[in-house]
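# Report on the structure
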Amino acid sequence: MTTLYLCGPINGCTDEQAMGWREHVKSLWVGETLDPMRRDYRGKEAVAYRDIVELDKIDIQRCDAVLVSYDKPSVGTSMEVLFAWQIGKPVVVVADNKTTISPWLRYHAHRIVGDYETGVAVAAKLSRE
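In what follows, the accompanying structure is described.

### Points about the nonpolar core
Y5, V66, V68, Y70, V91 and V93 are the most contacted members of the largest nonpolar core, which has 17 residues in total. Every element with two or more residues in this core is listed here: β1 (3–7), β3 (65–69), α3 (75–86) and β4 (91–94). With three residues, the single largest contributor to this core is α3. Those residues within four positions of V66 in sequence are excluded, and the remaining contacts are L4, Y5, C7, I60, A84, K89, P90, V91 and V92. Of all hydrophobic cores here, the second largest spans 15 residues; its members include L6, V25, A65 and V94.

This is how it looks when you write it as structure tokens:
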């Protein structure tokens with residue numbers, strides 16, 4: 001069974017923005033998902049920053065691939081992408097074609113796709129390679 005880390009903005013997001021796409025991807029993924037929202041630290045970032053980063057890094061180390069929901073810049077998302085790329089995890093970014101993709105994100109993504117269904121399929125394929 002393959003494991004997918006669900007990477008995307010949380011800080012400053014509504015429940016729907018932070019969880020809606022994650023729940024959709026969970027319904028598509030055959031395998032385990034690692035969802036950082038299971039530890040919802042919104043509003044506690046200043047005191048829980050060590051736990052947030054360390055636990056997210058453990059999840060990324062455990063996963064077989066990272067699926068990124070990208071619709072706006074996010075420091076945490078960017079750091080997770082770089083960390084995943086550095087340790088050899090496939091990174092698949094989902095962004096619509098109107099979203100401006102930073103050269104840094106483009107460089108560290110193995111693939112950029114336009115929808116979650118394609119993202120899940122690509123992540124599954126890359127996680128087996």
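Read on for the rest.
### Concerning the pairing of β1
For β1, a buried count of five out of five residues is recorded, marking the element as mostly surrounded by other parts of the structure. In this sheet, strand β2 (residues 32–34) lies alongside β1 in parallel orientation, the contact comprising three bridges. Note on β2: the bridge partner recorded for Y5 is L34. For the crossover that starts at β1, traverses helix α1 (residues 15–28) and ends in the parallel β2, the hand is right-handed. Where β1 and β3 come together, four bridges link them in parallel fashion. Its bridge partner being in β3, L4 is matched across the sheet by A65.

### Quick notes on the environment of V66
On the secondary structure map, V66 appears in strand β3. Residue classification places V66 among the buried positions, given a relative accessible area of 1%. In this structure the C-alpha to C-alpha distance between V66 and L126, which are 60 residues apart in sequence, comes to 9.9 Å.

### Comments concerning the environment of R38
Here R38 shows up in the loop between β2 and α2 (45–62). On the basis of relative accessibility, which here comes to 48%, the residue R38 falls in the partly exposed class. For the pair R38 and M19, spaced 19 residues apart in the sequence, the C-alpha separation amounts to 9.7 Å. A distance of 3.0 Å separates a polar atom in the side chain of R38 from a polar atom in the side chain of D59.

Here is what the cut-offs are and how they apply
Residues numbered from 1 in each chain as written. Predicted model: local features only at pLDDT ≥ 70, side-chain atom pairs only at ≥ 80, totals over all residues. Heavy atoms only, no water. Core = buried A, V, L, I, M, F, W, Y, C linked by side-chain atoms within 4.5 Å. Buried < 20%, exposed > 50% of the residue type's maximum accessible area, 1.4 Å probe, protein only. Helix = DSSP H or I, 4+ residues; strand = E, 2+ residues; numbered from the N terminus. Contact = heavy atoms within 4.5 Å. Pairing = 2+ DSSP bridges. Right-handed = clockwise from strand over helix to strand, strands pointing away. Polar contact = N/O pair within 3.5 Å; in protein donor to acceptor, adjacent residues only side chain to side chain.

On their own, these measurements won't tell you what the molecule is for.
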